[in-house]
Structures are given as structure tokens and as C-alpha cells.
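Chains, contacts and geometry: an overview
So the chains spell out like this:
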Amino acid sequence: SRAGQTRHFLDLDRFDTETLRRILDLGAAYKRGEQPFGRPKPLSGRVLAMIFEKPSTRTRVSFETGMKQLGGDTIVLSKGDTQLGRGETVADTARVLSRYVDAIMIRTDDPAKLAELSEYATVPVINGLTDDTHPCQVMADIMTFTEHRGSLDGKVVSWVGDGNNVAASWIQAAAHFNFEMRLACPPELMPDAAAVDWARAQGARVVIGSDPVAAVKDSHLVITDTWVSMGCTDTNRHTLLSPYQVNDGLMAHAAGDALFMHCLPAHRNEEVTDSVMDGAQSVVWDEAENRLHVQKGILSWCLL
Ligand code: CP
Ligand code: NVA
């Protein structure tokens, strides 16, 4: 089944919608306890290396657990542990790791490192977050919305706060799943223009402004994320973003059955209040759980 190119999982703008649906379906099948490849340990004997140049709880544990549940194994390489930290190039690292392992996940700052890794690796490369995007997260988010509310088709999804990496992957998702993507961000923290231009060129409805109330009005899903992403050194963030807190007052403008999502980790009572995070509309724990199921879908698509 591996005819053609190496199956990298880089960004949602590199996929056709059918493939993304296939990955989501695989994840859902695993979640139901099914064996979509007709055997219990389809990745038996396979090894995933994971390079972490930034911290992680969910991404690390969900990939590691998912790989092991599918019969495979993992190796975790932290920043500083490898020769990357001493200047060996990403390209050479890719060439070498490809001789040992069956797939490589990387979490890094500069998306150019992800691109270089995928160019020189001869095994699948998975994007575990860069400063620009976080596609595995948004796949889990889409799975979560679908479970709770059915299709995203025709829905309104609202992003409130920093126009960051997770927001960019959501914008790319709008080009695949036919929902209206509305963002309310401070003018200084607008989402990645390339992601917006690409999505709009595909016909996606992406509405961008700086008014949180307008963005969440009658919305079916309200999402936010930390005001200070990993690696961010900007100290003015709290002042800029405090008007964008997701609290009960803001949620009241959304549709009555709107869901709330946050990729986590949350900074409680900064970007989201305890009342929303722990409230009836919040699906953040399902969202975190679904990272595991979606990773298994991604790994299976990459390797089987
Ligand atoms: N949401 C997410 O990617 O979490 P981690 O940083 O814990 O992996
Ligand atoms: N935007 C956050 C997501 C963490 C999973 C960050 O990049 O730190």
C-alpha cells in the first residue's frame, strides 16, 4: 500500500479532504475498539522517533501510547540530547534516522526545520507542532466536534485570542470541512497571512476581526489558546489579550449549544475562566483524549 511518495503528515494544506477523512475515520475506528487493518498490532516491529525541541505532555504521551497500542515502539529525543543541539544539520539527522526508524515526529520552532527533515528523510515525517502550525491538534479537534455535534458542514467556528499556530491549522481546516472560520485577534497578533490566503483561495470562508463578541455571535464552537505560546518572549501579551478572555459573558453570545475547546495546556483565568473550562459546554478532556485516537489514525496512514 506504499506506492508513490513517502507519506509525510506535514500540514493540512498539503492534503486532499478525502485523505483527512480517511485518517479521521481510522482514528474513530480505533476509538471504537475496531481493527481497521484486520489485525490487532498493525505496527508491530515499527519504531517512531520523536524529536522534541519544545516541551510536551499530550503530544508525547499520545504518540507514545498510540504507537505502543498498535504494536510499535518509540524513541524520544529531547533538545540537547542529540547532536542537533551541537550543530549537526537537520538534513544529516534525517538521513541517519531514516536508516534506523520507520517514522519521525518533530516538534520544533522553525517550520523550515520540519521542511528540511521531510525533504531528506526517506521515512514519513509528522509535524508535532511548529511556531506556524499544529495539524495533529486540529485533527483531534475536528474528531471531537464531529463526535458531539455531527459534521462541521455549515457550522461557525470562532477563534478568540492570539492568532497562533493552532489558529493557522484551523484556518487550513476550513478549506476542507466547509465551515465558516471567524477569528477575533488583536491587530498585533493576527493569524498567519499565508494560511488565510491559501484557505480563501480554496473557497473557505475566513472572517477576521478584533471584536470577540462579533466573532462568537451564534457560533457553534468557541476556541481559544494560551496568550503566551512556547518560545514567545513578548511581555506585553497580557495587556493585549485580556479583552479576549473566554468567560461566561462571551460564551452567552454563542449559540446555546456551542462547544468550547482549548488544545491545552490552559492558563486558567487568563485566556479562559474556570467557569467555561469546567462548564457544561467544555469538551477539553475529550479533545485531549482524541489526540491519542487521531495519532493512531495518522501513524496508520503514514505507515500502512
Ligand atoms: N496540545 C498539545 O499539543 O499539548 P502538549 O504541548 O502537551 O503536547
Ligand atoms: N500555541 C501553543 C500550543 C501548545 C500545544 C504553543 O505553541 O505553545
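Our structure's up above, just so we're on the same page.
This text gives an overview of the structure that appears in the document. On a predicted model such as this, the values are computed, not experimentally measured, just so you know.

A separate point is the pattern of salt bridges. Under the definition given, this model contains 16 salt bridges. Linking Glu53 and Lys113 is a salt bridge whose minimum nitrogen-to-oxygen distance equals 3.0 Å. Of this pair, Glu53 sits in the loop between strand 1 (47-52) and helix 2 (58-69) while Lys113 sits in helix 4 (residues 111-120), placing them 60 residues apart in sequence. Under the relative-accessibility criterion, Lys113 is labelled partly exposed at 23%. Its salt-bridge partner being Glu180, residue Arg182 comes within 2.8 Å of it at the nearest N-O pair. What makes Glu180 buried here is its relative accessible area of 18%. One salt-bridge network, held together by shared partners, links Lys31, Glu147 and Glu289.

What sets the pattern is the α-helix's 3.6 residues per turn: residues three or four places apart point alike. Helix length check: helix 5 (residues 135-149), at 15 residues, gives a terminal C-alpha distance of 21 Å against a target of 21 Å (1.5 Å per residue), a fit within 8%. Here helix 5 lies mainly inside the structure; eleven of its 15 residues are buried. Within helix 5 the residues assigned to the buried category are Pro135, Cys136, Gln137, Val138, Met139, Ala140, Asp141, Ile142, Met143, Thr144 and Phe145. One or two positions beyond helix 5, positive phi appears at Gly150, with a value near 80°.

Our focus in this paragraph is the nonpolar core. Considering soluble globular proteins, one finds that nonpolar side chains tend to be buried as a cluster. Counting 57 residues, the largest nonpolar core has Phe9, Ile126, Trp159, Trp170, Phe179 and Met181 as the members making the most contacts within it. Top contributing element to this core by residue count: helix 6 (residues 165-177), with eight residues. Look past the residues within four positions of Ile126 in its chain and what remains in contact with it is Phe9, Phe63, Ile104, Met105, Ile106, Leu114, Cys136, Ile298, Leu299 and Cys302. With 21 residues, the next largest nonpolar core counts Ala215, Ala254, Phe260 and Val276 among its residues.

A few words now on unusual backbone geometry. Note the cis peptide between Leu264 and Pro265, where omega equals 5°. In this fold, Pro265 is placed in the loop between strand 9 (259-262) and helix 11 (274-277). The backbone of Leu129 shows a phi angle near 115°, a positive value even though the residue is not glycine. Locating Leu129 in the fold gives a position in the loop between strand 4 (125-127) and helix 5. Given a relative accessible area of 6%, Leu129 falls into the buried group. Of note in this structure, Asp218 is not a glycine but carries a positive phi near 60°. Within the secondary structure, Asp218 sits in the loop between helix 8 (212-216) and strand 8 (221-224). For Asp218, a relative accessible area of 46% gives the class partly exposed.

Lining the immediate environment of ligand 1, one finds Ser56, Thr57, Arg58, Thr59, Arg107, His134, Gln137, Cys263, Leu264 and Arg291. At 2.7 Å from an oxygen atom of ligand 1 is found a main-chain nitrogen or oxygen belonging to Thr57. Between a nitrogen atom of ligand 1 and a main-chain N or O atom of Leu264, the distance comes to 2.9 Å. When ligand 1 is considered free in solution it has 250 Å² of accessible area, and contact with the protein chains removes 96% of it. When each cavity is represented as a set of grid points, ligand 1 is found to reside in the largest pocket. Broken down by class, the residue content of the shell around ligand 1 amounts to two nonpolar, five polar and three charged.

The rules behind these values
Residues numbered from 1 in each chain as written. Chains lettered and ligands numbered in written order. Predicted model: local features only at pLDDT ≥ 70, side-chain atom pairs only at ≥ 80, totals over all residues. Heavy atoms only, no water. Salt bridge = Lys/Arg side-chain N within 4 Å of Asp/Glu carboxyl O. Helix = DSSP H or I, 4+ residues; strand = E, 2+ residues; numbered from the N terminus. Buried < 20%, exposed > 50% of the residue type's maximum accessible area, 1.4 Å probe, protein only. Expected span 1.5 Å × (residues − 1). Core = buried A, V, L, I, M, F, W, Y, C linked by side-chain atoms within 4.5 Å. Contact = heavy atoms within 4.5 Å. Near = heavy atom within 4 Å. Polar contact = N/O pair within 3.5 Å; in protein donor to acceptor, adjacent residues only side chain to side chain. Areas by Shrake-Rupley, 256 points an atom, 1.4 Å probe, with all protein chains shown as cover. 1 Å grid on protein atoms, 1.4 Å probe; cavity = no way out; pocket = protein on both sides within 12 Å on 5 of 7 lines; lining within 4 Å. Sits in = over half its atoms within 2 Å of the grid points. Nonpolar A, V, L, I, M, F, W, Y, C, P; charged D, E, K, R; others polar.

Such coordinate-based values are descriptive only and should not be taken to indicate function.
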